[in-house]
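# Summary of the model geometry
Letter by letter, the chains look like this.
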Amino acid sequence: MLEGLMIGLGAAFSIQNLLMVVAGCLIGTFIGMLPGLGPMSIIAIMIPVAITIGDPSAALILLAGVYYGAIFGGSTSSILLNAPGVAGTVATSFDGYPMARKGQAGKALTVAAIASFGGGTIGAVLLMVFAPMLSTVALLFHSAEYFALMVVGLSAIAAFAGTGNVAKATLMTLVGLIMATVGEGALFNMPRFTMGLMDLQSGFSFITLAMAMFALPEALFLVLNPARAAQGDSGKIENLRITREEGRKIAPVIGRQSLQGFFIGVLPGAGATIASFLGYAVERNIASKEDQAEFGQGSIKGLAAPESANNAACTGSFVPLLTLGIPGSGTTAILLGALIALNVTPGPRLMIDNPQIFWAVIISMYIGNLVLLILNLPLIPYIAKVLTIPRNYLIPFILFFTLMGSYIGQNNATELLILVGMGLAATVLKFADYPLAPLLIGFILGGMLEDNFSRSMQLYDGISFIVDRPMTLGLLVTAVLLVVIPSYRARRAKARRDGVAEGD
Amino acid sequence: MALDRWVAFVILCAALAYGYAAFFTMDASLPPFMKRNPIWPSTFPKVLCVMAVITSLFILLGFEKAAETGKKPDIDYRRLGDYHLVHALLLIGLMVAYALCLRPLGFLFSTFAFLAIGAFVLGERKFHILIPVAALASGTVWYLVDQVLGIFLRPWPMFF
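Residues numbered from 1 in each chain as written. Chains lettered and ligands numbered in written order. Predicted model: local features only at pLDDT ≥ 70, side-chain atom pairs only at ≥ 80, totals over all residues.

- As named in an unreviewed UniProt entry, chain B is Tripartite tricarboxylate transporter TctB family protein, taken from Tritonibacter multivorans.

- Going by an unreviewed UniProt entry, chain A carries the name Tripartite tricarboxylate transporter TctA family protein and comes from Tritonibacter multivorans.

Next up, the structure:
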């Protein structure tokens, strides 16, 4: 591990990569602060830029920086405006906004930054320990197990979509898988489902799909309902300091929630959103009586808990991506797509074939967290000015960058029409309360899923690999149970509070 | 019928068309030697189609009830008229126009027009700010993409 760390340090401390971290964190904070733009849209917009850089580690470092920055920026707008830019920071506004209203906005931002820093750093340490272990196990996997593992991942994502939504999420996953079969696959060398159209020969473009699924509907929602982009002048933010006593109060919260958040983030489908809500609930339950009364009224514990949990979960979600090549959330799915575009296949071989990428990403996580703490925190009063950009200017620019991102990737104006068409379809799906992240994850995993399935079919000359390999069978049974049990229970339990369906 | 069930119906129809292609038309063009493979190009689509049909029927027939959360949705599609629907439609039209004009009219002019008209549609009337901002932004983006990133974007109209 020490050797790997050295490689990572060497790679991450190049001038280019340091600039990438700083740029990524700043851009992420900037855009993440805008209400209604989540990390998925931001990363989708940044992908063409990352791909043109050409160096996979630099690209991944940039995108990871954007991801952190977006979560941090989202908590800023949660605290200052009560308008979370990201679902993962909704829980932050429970206590952050009351603090800001009491005139403690500066202190709230500091607590949020420290908690994020703690969560991110502890998460990175855990990632460093667990990812190599998991990838040693993963090297034993055959294509049959990979196929089964991807099925488990996809059904877990559908299962975590929340009560009453499992069927919808499953259907979206299937639509994504179906879209992935369009075009010419590597395994068969014959075009499928192209309806004779040349434009479909190479299949749908992943960047276009990502933009159409996330950036466009969110922008259109902002147009339709101006109240979503709550505007306000950010006012004066001063007095960023916290006392020693307050520091002592939040330290154990940060420690506990970083651990819990990390492990929730590792699970496929359960990302920063669930981690932050759960973190808030757990801390409220174990707090002492007088502390408990303060929750919701501006408690610093209630602010620190979701903030450390969501950052640790972001780091945790990198574990399945880097070791198994299976994304657990929409954001990591987009990162996976970007990596494949750069000719890097994440998976257990990543650490052997491209150790510099793996370790550079981990080191850049530390640097990214430091950048957020040292650079962004003092700059927050100025960055918060972005909240005062009039929406008349903001929306055309968001739409323009969406179009640009898809155009740069393909250099083809027809792609823009496909983008608008799919964006409209995605907006309708959003109206009808269908989760969109499973569609994109299904689309990205579709090719790999079919390849592994076909390979095992060929090796075993038929479907018998499912019975012959106990691990495959076990994983597939798990996948079926994951989907069936929640919908069965949903029919039993009539009214149950809905979890947050999508967002990270 | 609620919108989510209409969506399920549309997906069901698409899945049936997809399944028709997978089950009946695709295998005809398969070369004879590939027919001895345990897996055909149509195998995986067949599985997907069956699963998609079952899932969409599940939603269409209303087997799964969404939990009543009392949570107000961001936008209630039943009252779409109450929102700024005209703005949204105009902007969508503008995006289509941008896609059609980007090549013939060149990047600089199309982008400038897109940003300016977009803001105008949303109600911006301060032209002395709007026009310089739009011009500056299109110039900067063109410089960054074409000169810095090295991706060709035709700056001027075709006839130049």
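### Notes on the overall build of chain A
- Scanning chain A from N- to C-terminus turns up 22 helices and two strands.
- Out of the 504 residues in chain A, the part that is buried amounts to 62%.
- Long-range contacts, defined as pairs at least 24 residues apart, comprise 79% of the intrachain contacts of chain A with a sequence gap of at least 6. (Helix = DSSP H or I, 4+ residues; strand = E, 2+ residues; numbered from the N terminus. Buried ≥ 20, exposed ≤ 12 C-beta atoms within 10 Å, placed from the backbone. Contact = placed C-beta atoms within 7 Å.)

### Considering the overall build of chain B
- In terms of helices and strands, chain B carries five helices and zero strands.
- Reading chain B from its N terminus to its C terminus gives the helix and strand order α-α-α-α-α.
- Within chain B, counting contacts between residues at least 6 apart in sequence, those at least 24 apart form 62% of the total.

### Digging into the packing of helix α9 (residues 206–224) of chain A against helix α3 (residues 85–105) of chain B
- Two elements in contact, α9 of chain A and α3 of chain B, have axes separated by 8 Å at closest approach and are oriented at 140°. Classified by the angle their axes make, α9 of chain A and α3 of chain B are oblique. Residues Leu 220, Val 223 and Leu 224 of chain A of α9 of chain A touch α3 of chain B, and the partners they reach there are Leu 85, His 87, Ala 88 and Leu 91 of chain B.
- Its residues assigned to classes, the contact of α9 of chain A with α3 of chain B comprises six nonpolar, one polar and no charged. (Axes fitted to C-alpha atoms, helices over the stretch in contact; angles between N-to-C directions. Parallel < 35°, antiparallel > 145°, perpendicular 65-115°, else oblique. Nonpolar A, V, L, I, M, F, W, Y, C, P; charged D, E, K, R; others polar.)

### Let's talk about the environment of Phe 277 of chain A
- As for its position among the elements, Phe 277 of chain A is in helix α11 (residues 272–286).
- Placed 189 residues apart in sequence, Phe 277 of chain A and Gly 88 of chain A show a C-alpha to C-alpha distance of 8.2 Å.

### Some details on the UniProt feature "transmembrane region" (unreviewed entry) in chain B
Residues and elements named next belong to chain B.
- In the numbering used here, UniProt assigns the feature "transmembrane region" (unreviewed entry) to residues 45–63, 83–100, 106–122 and 129–153.
- With 84% helix and 0% strand, residues 45–63 has its two end C-alpha atoms placed 25 Å apart.
- The span residues 83–100 shows a helical share of 89% and a strand share of 0%, and its end C-alpha atoms are spaced 28 Å apart. (UniProt positions renumbered as here; feature names shortened; annotations may be inferred.)

### Quick look at the interface of chain B and chain A
- Counting residues at the interface gives 56 residues for chain B, matched by 59 residues for chain A.
- When contributions to the side of chain B that touches chain A are tallied by element, the ones reaching two or more residues are α1 (3–25), α2 (43–60), α3, α4 (107–121) and α5 (127–148) of chain B.
- The greatest single-element share of the side of chain B that touches chain A, amounting to 11 residues, is contributed by α3 of chain B.
- Looking at side-chain class alone, the side of chain B that touches chain A contains 40 nonpolar, eight polar and eight charged residues.

### What to know about the nonpolar core
- By size, the foremost hydrophobic cluster in this structure holds 200 residues, and its most contacted members are Ile 43, Ala 44, Leu 63, Met 150, Ala 210, Leu 436 and Leu 440 of chain A.
- Counting residues domain by domain, this core receives three or more from each of domain 1 (3–66) and domain 2 (83–148) of chain B.
- Residues within four places of Ala 44 of chain A in sequence aside, it is in contact with Ile 207, Ala 210, Met 211, Phe 214, Ala 215, Ile 334 and Gly 405 of chain A. (Core = buried A, V, L, I, M, F, W, Y, C linked by C-beta atoms within 7 Å. Domains from an automatic or database assignment.)

### Thoughts on the packing of helix α5 (residues 90–101) of chain A against helix α6 (residues 105–138) of chain A
All names here are of chain A.
- The geometry of α5 relative to α6 is characterised by a closest axis approach of 7 Å and an angle of 150° between their N-to-C directions. Comparing their axes, α6 and α5 come out roughly antiparallel. In this structure, the crossing between α5 and α6 has a hand that is right-handed. Contacts between α5 and α6 pair Thr 92, Gly 96, Met 99 and Ala 100 from the former with Ala 105, Lys 107, Ala 108 and Ala 112 from the latter.
- Residues that form the contact of α5 with α6 fall into these classes: five nonpolar, two polar and one charged. (Left-handed = near helix turned anticlockwise from the far one by under 90°.)

### Some words on helix α17 (residues 355–383) of chain A
- Relative to the 42 Å expected for 29 residues at 1.5 Å per residue, α17 of chain A spans just 36 Å between its end C-alpha atoms, considerably shorter than the ideal helical length.
- Asn 376 of chain A marks where α17 of chain A bends most, by close to 50°; the proline Pro 378 of chain A follows one to four residues later. (Expected span 1.5 Å × (residues − 1). Bend = angle between axes of the 7 residues up to and from the residue.)

### What to know about the environment of Gly 73 of chain A
- Position of Gly 73 of chain A among the secondary structure elements: in helix α4 (residues 56–81).
- With 152 residues separating them along the chain, Gly 73 of chain A and Asn 225 of chain A place their C-alpha atoms 22 Å apart.

### Quick notes on unusual backbone geometry
Residues and elements named next belong to chain A.
- Positive phi, close to 70°, is recorded for Asn 343, a residue that is not glycine.
- Residue position: Asn 343 is located in the loop between α15 (330–341) and α16 (350–353).
- Phi angles above zero are rare outside glycine, and Asp 433 is one such case at about 70°.
- Note that Asp 433 resides in the loop between α19 (413–431) and α20 (437–460).
- Of the residues examined, Asp 433 has 17 C-beta atoms within 10 Å and is grouped as partly exposed.

### Looking at the confidence of the model for chain B
All names here are of chain B.
- Summing up the model confidence of chain B, the mean pLDDT is 80 and the portion of residues at 70 or higher is 86%.
- Looking over chain B, one finds the lowest element-wise mean pLDDT in α5, namely 82, and the highest in α2, namely 89.
- Our summary of model confidence lists the complex with pTM equal to 0.76 and ipTM equal to 0.85. (pLDDT = per-residue confidence, 0-100.)

### Here's the deal with the confidence of the model for chain A
All names here are of chain A.
- Averaged over all residues, the pLDDT of chain A is 79; the fraction at 70 or higher stands at 88%.
- At the low end of the mean pLDDT range in chain A sits helix α1 (residues 2–12), at 74; at the high end sits helix α8 (residues 166–180), at 88.
- Predicted confidence is poor over residues 494–503, with pLDDT under 50, and the contacts of this stretch with residues over four places away or in other chains come to 29 contacts.

### Focus: the environment of Gly 28 of chain A
Residues and elements named next belong to chain A.
- Of note, Gly 28 is situated in helix α2 (residues 15–32).
- As a C-alpha pair, Gly 28 and Ala 215 span 187 residues in sequence and 14 Å in three-dimensional space.
- Once residues within four sequence positions are removed from consideration, Gly 28 is found in contact with Ile 42, Gly 65, Val 66, Tyr 67, Tyr 68, Gly 69, Ala 70 and Gly 73.

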